[in-house]
Amino acid sequence: MTQLTTPAAATPAAAAHTRSPGRPGRTRRSPAKSLLLHGTLILASLIAIGPIAWVLLSSFKPGYAVQSSDLTLVKEPTLANYSYVLFDTNFPKWLLNSVIVAAFTMLIGIFLSATTGYAVSRFNFPGRRSLMLVFLVTQMFPAAILIVPIYTIMARLGLINTLPALIIAYLTIAVPFCAWMLKGYFDSIPTSLDEAAALDGCGPFAIFWKVVLPLARPAIAVTAFYTFLTAWGEVMYASAFIQTDNKFTLAYGLQQFVPQFNPQWEYLTAAAVLVTVPAGLVFMFAQRHLVSGLTAGGTKG
Amino acid sequence: MRTVTAEPAPASAPSGRRSAPPSRLRRSWDKHWYAWAMVLPVVIVLAVLIFYPLFRGVWLSLTNLTEANQVAEICTRSITGSEVCKDNPNKWEFVGLDNYVNVLSGNVGQFWQWTGITLIWTVGCVVFHYGLGLGLAVMLNRPMWGRGLYRVLLVLPWAVPAFVSAFAWKFIFNERFGLANSVLSSLGIDPVDWFSNQWTSLFTAIVTNIWLGVPFMMVALLGGMQTIPGELYEAAEIDGASPWQRFRNITLPGLRSVSMTVILLGTIWTFNMFPIIFLVTEGQPAGETEILVTGAFRAAFEGIRNYSLASTYGVLILSILLVFSVFYRRVLRKQGEVW
């Protein structure tokens, strides 16, 4: 299977665009089939964007219109929900907390795992296979088993209710994942480049630093974004470790808008839009490369 | 990695004394030291942040640690301000396998009920993720007008952070003003009290997670399809194979390795998917839609924090996943997949 996945990993962007030109008979479809195909895809697209659109529309409605049972697309559009969320709540503070936590998780995670990804990709050293297996197995560790010990460690270090606690906890998710992803990408960089650099007298660290790392820059960017988004959206640790309002991250802070009694859905929708737009933009940039990296890492031992 | 820690000894020993060829370890060290140096930071991080907590978690599951008995000493402040401390008579202690016995026999918590819900949740989600993802990928893999646009629209749910999707769908399934009930009413169907019945409640969570997870499967499978050489299809067509036969005999086998990876990952992710259940159903009604992960979380951080019980659930969850993965790998290997 390796040779089949390699082309996609090597040129993920290109592979997404180029189709093998002209499959005979495929381009000409009967009108009925064409209708069925487009109909299905349009329906699927509507389902895909429906909830997002509905939240977006609701965020512009005044509170009483959001919490009413009659179905209207637009009703007295207003920006009041946004201004309330941005200026009268701790939302900006939560946003800042989320950015800090996600950024540090990303930086530390990438920094730690790039060399490992390279070593696992290039050198056939004893322990390599078991390390790969460990990366895979750690994907299986439910936060449920790690969360209590990490919580007690944090409590002993006095880090409960601080942002570093979250960063450390998120590294448990980020590091194996980054190493796994980057290994997949490094595999797609031809080893002949390493060999050429070695002939020129570069040591293994110099090859990594001067040759491979610059080539892997897009991959590192994508991995970085993905780690960022993972930390951005994590709920469990954020719910367990953070206790005071001004330390919440967005994932936990948003719950404050919809308590059991008197939920304020209009503010939640506005906040949800504010959270999604930047994350969505980052994501759209990253996603194409993401899967090829992930599945390439997965299919090649 | 055991070799790394064993290294320093032979390296520091005077190597000149032995004129015999250097030991296997020594040669291995000379050849691989830079590889080991490169993986060292991550090995340390994994050891400190994952394996130490893991072993501690296993240890905690053998104790009766809760929030109430966690302190070793009880200190009382007298009216003069001096503090008197004495040993906590009810200090937490080692209890062996009691937690496991209690959990597995159903004396404490609802392990088997949660396991059942988790299985339904996982199987339901993964089957739909894969099925819908494959269907959409097959459709998107054909040359047609507007393919790029469809692709972007269909990927959108993935771009939404999971907790936001959870809120969005909880909003849609709201009993009083949710979109779902409005649509049902306009179709002349009675609105449903989604969260007051176990199955409709679970249904909302599964729908949310399917919506969230299909794009990943679709993109992954689409990527896999694009690595299948077009000549295979041409040859099949010349031989007179029907579209279904081409799908069965070329597309599916060509997708095997990608499929196996994404199904394994998807299963593990869904099994441990915390935010959707936690935020959408919140276990309603009365904890009947709790999955193992959210149940363990609630044991640890809600009410009297029962840390040891939560660790026990954690160990059991991990065991289930490990058994599943080993089994899965074995089946794959039997079918000749080297992985």
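Residues numbered from 1 in each chain as written. Chains lettered and ligands numbered in written order. Predicted model: local features only at pLDDT ≥ 70, side-chain atom pairs only at ≥ 80, totals over all residues. Heavy atoms only, no water.

**Here we look at the overall build of chain B**
The number of helices and strands found in chain B is 15 helices and two strands. Taking all 339 residues of chain B together, 52% fall into the buried category. Look at the contacts in chain B between residues 6 or more apart in sequence, and 67% of them connect residues 24 or more apart. Taken as a whole, chain B presents about 16000 Å² of accessible surface, with 64% of it coming from carbon and sulfur. (Helix = DSSP H or I, 4+ residues; strand = E, 2+ residues; numbered from the N terminus. Buried < 20%, exposed > 50% of the residue type's maximum accessible area, 1.4 Å probe, protein only. Contact = heavy atoms within 4.5 Å. Areas by Shrake-Rupley, 256 points an atom, 1.4 Å probe, with all protein chains shown as cover.)

**As for the overall build of chain A**
Helix and strand counts for chain A come out as 15 helices and zero strands. Looking at chain A as a whole, 55% of its 301 residues qualify as buried. The contacts in chain A between residues at least 6 apart in sequence include a share of 73% that link residues at least 24 apart. Accessible surface computed for chain A: about 12700 Å², of which carbon and sulfur atoms make up 69%.

**Here we look at the side chain of A:S98**
Residues and elements named next belong to chain A. Inspection of the secondary structure assignment puts S98 in helix α6 (residues 91-122). Classification of S98 as buried rests on a relative accessible area of 3%. A polar side-chain atom of S98 sits 2.8 Å from the main-chain amide nitrogen of L250. Each residue touching S98, except ones within four places of it in the same chain, is listed here: W232, T249 and L250. (Polar contact = N/O pair within 3.5 Å; in protein donor to acceptor, adjacent residues only side chain to side chain.)

**Looking at the confidence of the model for chain B**
Caution applies to low-pLDDT parts of the model: their predicted coordinates are not meant to be read in detail. Residue and element names in this part refer to chain B. In the predicted model, chain B carries a mean pLDDT of 81, and 92% of its residues have values of at least 70. Mean pLDDT values for the elements of chain B range from 40 in helix α1 (residues 2-6) up to 91 in helix α5 (residues 111-140). Segment residues 1-18 is flagged for pLDDT under 50; beyond a separation of four residues in sequence, or across chains, it makes 16 contacts in the model. We note a pTM of 0.80 for the whole complex and an ipTM of 0.79 for its interfaces. (pLDDT = per-residue confidence, 0-100.)

**Examining unusual backbone geometry**
With phi around 65°, A:N161 is a residue other than glycine that occupies positive phi space. Within the element layout of this structure, A:N161 appears in the loop between α8 (143-157) and α9 (163-187).

**Structural notes on the interface of chain A and chain B**
On the side of chain B, 104 residues touch chain A, which itself brings 109 residues to the contact. Between chain A and chain B, roughly 9500 Å² of surface is buried when both sides are summed, and carbon and sulfur atoms account for 76% of that area. Summed over the shared surface of chain A and chain B, the number is zero salt bridges. Connecting chain A to chain B are six residue pairs in polar contact (both at pLDDT 80 or more). When residues in the side of chain A that touches chain B are grouped by element, the largest group, 18 residues, is from helix α15 (residues 265-299) of chain A. A per-class count over the side of chain A that touches chain B returns 69 nonpolar, 34 polar and six charged. (Buried area = accessible area lost by both parts, 1.4 Å probe. Salt bridge = Lys/Arg side-chain N within 4 Å of Asp/Glu carboxyl O. Nonpolar A, V, L, I, M, F, W, Y, C, P; charged D, E, K, R; others polar.)

**Thoughts on the packing of aromatic side chains**
Within this structure, the stated rule accounts for 36 aromatic pairs over all chains. Geometrically, the ring pair formed by B:F278 and B:F297 is edge-to-face, given 5.4 Å between the ring centres and 80° between the ring planes. Taken together, the residues span a long stretch of sequence, with B:F278 in helix α13 (residues 275-281) and B:F297 in helix α14 (residues 292-301) at a distance of 19 residues. When its relative accessible area of 9% is taken as the criterion, B:F278 is described as buried. An aromatic cluster is built from A:Y151, A:Y170, A:Y237, A:F241, B:F274, B:F278, B:F297, B:F301 and B:Y307, whose rings are joined through pairwise contacts. (Phe/Tyr/Trp six-rings, centres within 6.5 Å; stacked < 30°, edge-to-face > 60°.)

**Focus on the side chain of B:N272**
Within the secondary structure, B:N272 sits in the loop between α12 (256-271) and α13. Judged by relative accessible area, B:N272 falls into the buried class, the value being 16%. With near-sequence residues (within four places) excluded, B:N272 lies in contact with A:M140, A:F141, A:P142, B:V293, B:I317 and B:L321.

**Notes on empty space enclosed by the protein**
Counted under the stated rule, the structure contains five cavities of 30 Å³ or more. Here the largest cavity is characterised by a volume of approximately 1300 Å³. Taken together, 46 residues line the largest cavity, and the ones lying closest to its centre are A:I173, A:Y226, A:T230, B:W269 and B:M273. For the lining of the largest cavity, the element with the highest residue contribution is α9(A), accounting for six residues. Of the residues belonging to the lining of the largest cavity, the class tally is 32 nonpolar, 13 polar and one charged. (1 Å grid on protein atoms, 1.4 Å probe; cavity = no way out; pocket = protein on both sides within 12 Å on 5 of 7 lines; lining within 4 Å. Points joined across faces, edges and corners; volume = space filled by probe spheres on them.)

**Looking at a nonpolar patch on the surface**
Residue and element names in this part refer to chain A. Where nonpolar side chains cluster on the molecular surface, the patch consists of L96, I100, F104, L107 and I108 and spans about 430 Å² of accessible area. With respect to the secondary-structure elements, L107 resides in helix α6. Accessibility expressed as a relative area gives 53% for L107, which makes it exposed. (Patch = residues over 30% accessible without salt bridge, like charges linked within 9 Å, V, L, I, M, F, W, Y side chains within 5 Å.)

**Quick word on the environment of A:A169**
All names here are of chain A. Mapped onto the fold, A169 is located in helix α9. You can call A169 buried: its relative accessible area is 0%. The contacts of A169, once residues within four sequence positions are left out, are Y237 and F241.

**Notes on the pairing of strand β1 (residues 73-77) of chain B**
Relative to strand β2 (residues 83-87) of chain B, β1(B) runs antiparallel, the two being bridged by five bridges. Bridge pairing links B:E73 to B:D87 in β2(B). (Pairing = 2+ DSSP bridges.)

**Some words on the packing of helix α7 (residues 162-172) of chain B against helix α9 (residues 198-225) of chain B**
All names here are of chain B. Taken N-terminus to C-terminus, the directions of α7 and α9 make an angle of 135°; their axes are 10 Å apart at the nearest point. Judged on the interaxial angle alone, α9 and α7 are oblique. Classified by chirality, the crossing of α9 by α7 is right-handed. Mapping the contact onto sequence places A162, S165, A166 and W169 in α7 and V207, T208, W211 and L212 in α9. When grouped by side-chain class, the residues that make up the contact of α7 with α9 number six nonpolar, two polar and no charged. (Axes fitted to C-alpha atoms, helices over the stretch in contact; angles between N-to-C directions. Parallel < 35°, antiparallel > 145°, perpendicular 65-115°, else oblique. Left-handed = near helix turned anticlockwise from the far one by under 90°.)

**Overview of the packing of helix α6 (residues 147-159) of chain B against α9(B)**
All names here are of chain B. For the pair α6 and α9, the least separation of the axes is 6 Å and the interaxial angle reads 130°. In terms of axis orientation, α6 runs oblique to α9. Relative to α9, the crossing made by α6 is left-handed. In this structure, α6 contributes R151, L154, V155, P157 and W158 to the contact, and α9 contributes W211, L212, P215, F216, M218, V219 and L222. Residues that form the contact of α6 with α9 fall into these classes: eleven nonpolar, no polar and one charged.

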